[in-house]
Amino acid sequence: MAIRVSVQAATEDECVEGLARLVDAGFQPVMMPRYMTDGQWMARAVPAPTTKAPAAGSGRGPAVAG
């Protein structure tokens, strides 16, 4: 499933603030604030990847083909 969220705002500053709030909530930007042809500002974000590397010394590393 592809999850995307958008910020629409009347000004660039509002759009930047909205995008910053999404980043604080764990999203990562995929489209920085941009002025659209309808006179609005828009930015987009997606959930940040949640995969984490194994803890050091756990004895489990990444799988290696071969």
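Quantities reported herein were computed from a predicted structural model and do not represent experimental measurements.

Caption draft 1: Expanded view of the nonpolar core. Val7, Ala9, Cys15, Leu19, Leu22, Trp41, Ala43 and Ala45 form the largest nonpolar core, which has eight residues in total. For this core, the secondary structure elements donating two or more residues are β1 (5-9), α1 (12-24) and β3 (41-47).

Caption draft 2: Region of interest: the environment of methionine 31. Tracing the sequence through the fold places methionine 31 in strand β2 (residues 27-35). Residues methionine 31 and methionine 42 lie 11 residues apart in sequence; the distance between their C-alpha atoms is 8.2 Å. Not counting residues up to four positions away in its chain, the partners in contact with methionine 31 are Leu19, Met42, Ala43 and Arg44.

Caption draft 3: Local environment of the sheet that holds β2. In space, the three strands of this open sheet follow the order β1-β3-β2, with antiparallel pairing throughout. Because the sheet does not close on itself, it has two edges, and the strands there are β1 and β2. Adjacent strand axes in the sheet meet at a mean angle of 15°, parallel and antiparallel pairs treated alike. Where β1 lies against β3, five bridges are found, and the strand directions are antiparallel. Across the sheet, glutamine 8 pairs through a bridge with methionine 42, a residue of β3. Running over the sheet, α1 touches β1, β2 and β3 and is turned about 175° from β2.

What counts, and at which threshold
- Residues numbered from 1 in each chain as written.
- Predicted model: local features only at pLDDT ≥ 70, side-chain atom pairs only at ≥ 80, totals over all residues.
- Heavy atoms only, no water.
- Core = buried A, V, L, I, M, F, W, Y, C linked by side-chain atoms within 4.5 Å.
- Buried < 20%, exposed > 50% of the residue type's maximum accessible area, 1.4 Å probe, protein only.
- Helix = DSSP H or I, 4+ residues; strand = E, 2+ residues; numbered from the N terminus.
- Contact = heavy atoms within 4.5 Å.
- Pairing = 2+ DSSP bridges.
- Axes fitted to C-alpha atoms, helices over the stretch in contact; angles between N-to-C directions.

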